[in-house]
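Structural characterization, general
Next come the chains, spelled out residue by residue.
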Amino acid sequence: MFGFLFKKQQQIETLIFNYIKNFRKTQKLFSDAFTSCKADPFCSNFNFLTDQTHKYESRGDDIRDEINDLMYGKALLPESREDIMRLIASADKILGHFEKILHMILGQHLVIPDFLMPKTEELFTSSMESCDLMLKQIETLFSTQQGIRELVADIDLLESHCDHIERSLLRMIFDSTLELARKMEVKELILMVGDISDQVDRVSKRINIIRMKRIV
Amino acid sequence: MFSLLGGIFLGWSLGANDASNVFGSAVTSRMLKFWTAAVLSAIFVLLGALIEGQAGIETLKGLTQLTLQQAVVSSVAAAVTVTVMTVLGLPVSTSQAVVGALIGIGILNQHFNISGLGKIVACWFGTPVGGLLIAVVLYKVVGAFYNRLNLTMIQSDILIRCGLIVGGSYGAYALGANNVANVTAVYVGAGMLSIFMAALIGGLSIGFGILTYSRKVMETVGSKLVRLDPFSALVVVLAEAITVHIYTFVGVPVSTSQAVVGAVLGVGMVKGIKTVSTRTLANIGIGWFLTPLVATGIALAIDFAVHLHYIPGV
């Protein structure tokens, strides 16, 4: 009934859900690029998918700027403004990781060695799964607020699992007979993929703090 | 009409200073535009003064018998006290300054309503305590209700924002109803104004102070409240408004600043944090004790000066 009085707040809410939608799209493109071309970075789709990932990552930045502009137009309480800005900035770092990983593969003509493939796939799948849970958590924060703590625990488990795989992959790399330069290249890639779940964990904990702050 | 200027000035400074207690946090945290807050305050102050200002006016006018000249002297003495204490950087209550000035006039007249004064002093003690207790109860009760609502982040934001606007408007209403007596009660006591005219002129002068000079005070004083989380800020505003409104029913003008400090302390107690520094509390204590004494002294001095006569050749 009084919805017209809170137009800006409703716009922010809509933009946040748009951001989540855009995040999912970027994640899908990144995932397609990584899985379809992991063995051959020169496959026909890789360039296109990398460009598309960049395009959607930029769109995410635009949505973030739009949210910030609205919030500086005195919509929302200062505390909420700060929380939302930090949350989105934090989630945005993950999109940045997606883009960097694809550019690293493209720019350095990186091919993941066969003996590392199964574990790398496992690391990648778990990282993507943690991203899905994080997006669910953000949606929950702006809707029912139910189950945020459980999601924090699930993400934490996945992050630990990813750390474990990451360490094991690094051992495999340096136990192998690959050239030192290749070892360093692949190590850097594995660390970057591993960073995804670390950043997701940070976002997830931030969401939990935002929720806790609103319990009197 | 000229003799009313002292009261109008007092009302103006009261409006400029005390609006920050009701809308300071909302304005400084940019939840509300200054002009929206100022216009809402001015309207509700005037409404409060007209609807419920009578009780306080009756109490203050009954403290002593006043001539028109003494009414002017007490108004000017209270205004000077507020200015001096503000310059000294001490928190000051206009209500205490006015009563202090009336005590000075009472001493000169050798007539004072001791039981009325006793009631007022008891309320001075009761203001911060009332603010504290009401804030504790509100925090617990409203907090439990708020948690049960299970609101989303945006819904919670909207609710608190609306609460601050409604609470601030209620605070402004209570301010007008309670504090208008400080501004024009002495003129009713001197027989110059009717109660309705006193409430109207007092309410308008407080509103004028809010509209013309409260922005700067809001920006400085209000920022102290911003450090509280939004829910606590809402509880403080509501507790202050309820406390001041209760004393309006009792018919005693009290300090909104002291009610706010009490409420901030109460919120701190519930949350287990220190919300007011010891230094601030000490300054408030000094201001609380000194304001009526200084006002009494200034009223006596002004009255003495007014009665000095130049005798040529002596």
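Calculation criteria
- Residues numbered from 1 in each chain as written.
- Chains lettered and ligands numbered in written order.
- Predicted model: local features only at pLDDT ≥ 70, side-chain atom pairs only at ≥ 80, totals over all residues.
- Heavy atoms only, no water.
- Helix = DSSP H or I, 4+ residues; strand = E, 2+ residues; numbered from the N terminus.
- Rg over C-alpha atoms; globule rule 2.2 N^0.38 Å.
- Buried < 20%, exposed > 50% of the residue type's maximum accessible area, 1.4 Å probe, protein only.
- Areas by Shrake-Rupley, 256 points an atom, 1.4 Å probe, with all protein chains shown as cover.
- Lys, Arg positive; Asp, Glu negative; His and termini not counted.
- Charge placed at Lys NZ, Arg CZ, Asp CG, Glu CD.
- Patch = residues over 30% accessible without salt bridge, like charges linked within 9 Å, V, L, I, M, F, W, Y side chains within 5 Å.
- Salt bridge = Lys/Arg side-chain N within 4 Å of Asp/Glu carboxyl O.
- Contact = heavy atoms within 4.5 Å.
- Buried area = accessible area lost by both parts, 1.4 Å probe.
- Polar contact = N/O pair within 3.5 Å; in protein donor to acceptor, adjacent residues only side chain to side chain.
- Nonpolar A, V, L, I, M, F, W, Y, C, P; charged D, E, K, R; others polar.
- Domains from an automatic or database assignment.
- Axes fitted to C-alpha atoms, helices over the stretch in contact; angles between N-to-C directions.
- Parallel < 35°, antiparallel > 145°, perpendicular 65-115°, else oblique.
- Left-handed = near helix turned anticlockwise from the far one by under 90°.
- Expected span 1.5 Å × (residues − 1).
- Bend = angle between axes of the 7 residues up to and from the residue.

Some details on the overall build of chain A
Within chain A, the regular secondary structure consists of 6 helices and 0 strands. A globule of 216 residues ought to have a C-alpha radius of gyration of about 17 Å, and chain A, at 19 Å, matches this closely. Viewed in the frame of its principal axes, chain A has a C-alpha envelope of about 65 × 35 × 20 Å. Relative to its full complement of 216 residues, chain A shows a buried share of 51%. Split by element, the accessible area of chain A, about 10,300 Å² in all, is 54% carbon and sulfur. For chain A, the centre of its 29 positive side-chain charges and the centre of its 34 negative side-chain charges are spaced 5 Å apart.

What to know about a nonpolar patch on the surface
All names here are of chain B. On the surface, W35, V39, I43, L47, L50, I51, F196, M197 and L211 cluster together to form a nonpolar patch covering roughly 800 Å² of accessible area. Secondary-structure elements contributing two or more residues to the nonpolar patch are α2 (34–52) and α8 (195–221). Top contributing element to the nonpolar patch by residue count: α2, with 6 residues. Tracing the sequence through the fold places I43 in helix α2. Residue classification places I43 among the partly exposed positions, given a relative accessible area of 46%.

Considering the side chain of A:H97
All names here are of chain A. Mapped onto the secondary structure, H97 falls in helix α3 (residues 78–107). Assessed through its relative accessible area of 13%, H97 is described here as buried. Setting aside residues no more than four positions away along its own chain, H97 makes contact with M192, D195 and I196.

Some thoughts on the interface of chain A and chain B
Listed per partner, the contact involves 25 residues of chain A and 22 residues of chain B. Between chain A and chain B, roughly 2,100 Å² of surface is buried when both sides are summed, and carbon and sulfur atoms account for 63% of that area. On the chain A side of the interface with chain B, the three residues burying the most area are A:K74, A:L77 and A:V216, jointly 35% of the side's total. For the pair chain A and chain B, the number of links is 0 salt bridges. At the boundary of chain A and chain B, one finds 3 residue pairs in polar contact (both at pLDDT 80 or more). Mapped onto the side of chain A that touches chain B, the elements with two or more residues apiece are α1 (7–37) and α3 of chain A. For the side of chain A that touches chain B, the element with the highest residue contribution is α3(A), accounting for 6 residues. Looking at the side of chain A that touches chain B, its residues break down into 13 nonpolar, 6 polar and 6 charged.

What to know about the domain arrangement of chain A
Residue and element names in this part refer to chain A. Assigned domains of chain A: these are domain 1 (1–111) and domain 2 (114–216). Each of domain 1 and domain 2 was reduced to a C-alpha centroid, and the two centroids are 17 Å apart. Across the contact, 32 residues belong to domain 1 and 31 residues belong to domain 2. With both sides pooled, the region where domain 1 packs onto domain 2 buries about 3,000 Å², and carbon together with sulfur makes up 71% of that total. Linking domain 1 with domain 2 are 4 salt bridges, by the criterion used here.

A short note on the packing of helix α1 (residues 5–28) of chain B against α2(B)
Residue and element names in this part refer to chain B. Running from amino to carboxyl end, α1 crosses α2 at an angle of 165°, the nearest separation of the two axes being 10 Å. Regarding the angle of α1 to α2, the classification is roughly antiparallel. You can see that α1 and α2 cross each other, and the crossing is right-handed. On α2, the residues that touch V22, F23 and V27 of α1 are F34, A37, L40 and S41. Of the residues contributing to the contact of α1 with α2, the split by class is 6 nonpolar, 1 polar and no charged.

A word on the side chain of B:R161
You can see B:R161 is positioned in helix α7 (residues 153–189). Setting aside residues up to four positions removed in sequence, B:R161 forms contacts with A:Q9, A:K74, A:A75, A:L76, A:L77 and B:M31.

Brief notes about α7(B)
Residue and element names in this part refer to chain B. With 37 residues, α7 extends 53 Å from end C-alpha to end C-alpha; this agrees with the ideal 54 Å at 1.5 Å per step. Where α7 bends most, at V183, the angle is about 55°. Burial analysis of α7 places 30 of its 37 residues in the buried class, which makes it a mostly covered element.

Side note on the pattern of salt bridges
All names here are of chain A. The final tally for this structure, using the stated rule, is 10 salt bridges over all chains. For R64, the salt bridge goes to D92, with nearest N and O atoms at 3.4 Å. Taken together, the residues R64 in helix α2 (residues 44–72) and D92 in helix α3 connect sequence positions 28 residues apart. Judged by relative accessible area, D92 falls into the buried class, the value being 7%.

Considerations on the environment of B:A259
Residues and elements named next belong to chain B. Structurally, the position occupied by A259 is in helix α11 (residues 256–271). A relative accessible area of 0% means that A259 is categorised as buried. A sequence separation of 19 residues divides A259 from T278, and the C-alpha atoms of the two residues are 17 Å apart. Leave out the neighbours within four places in its chain, and A259 touches T127, G131, E240, T243 and V244.

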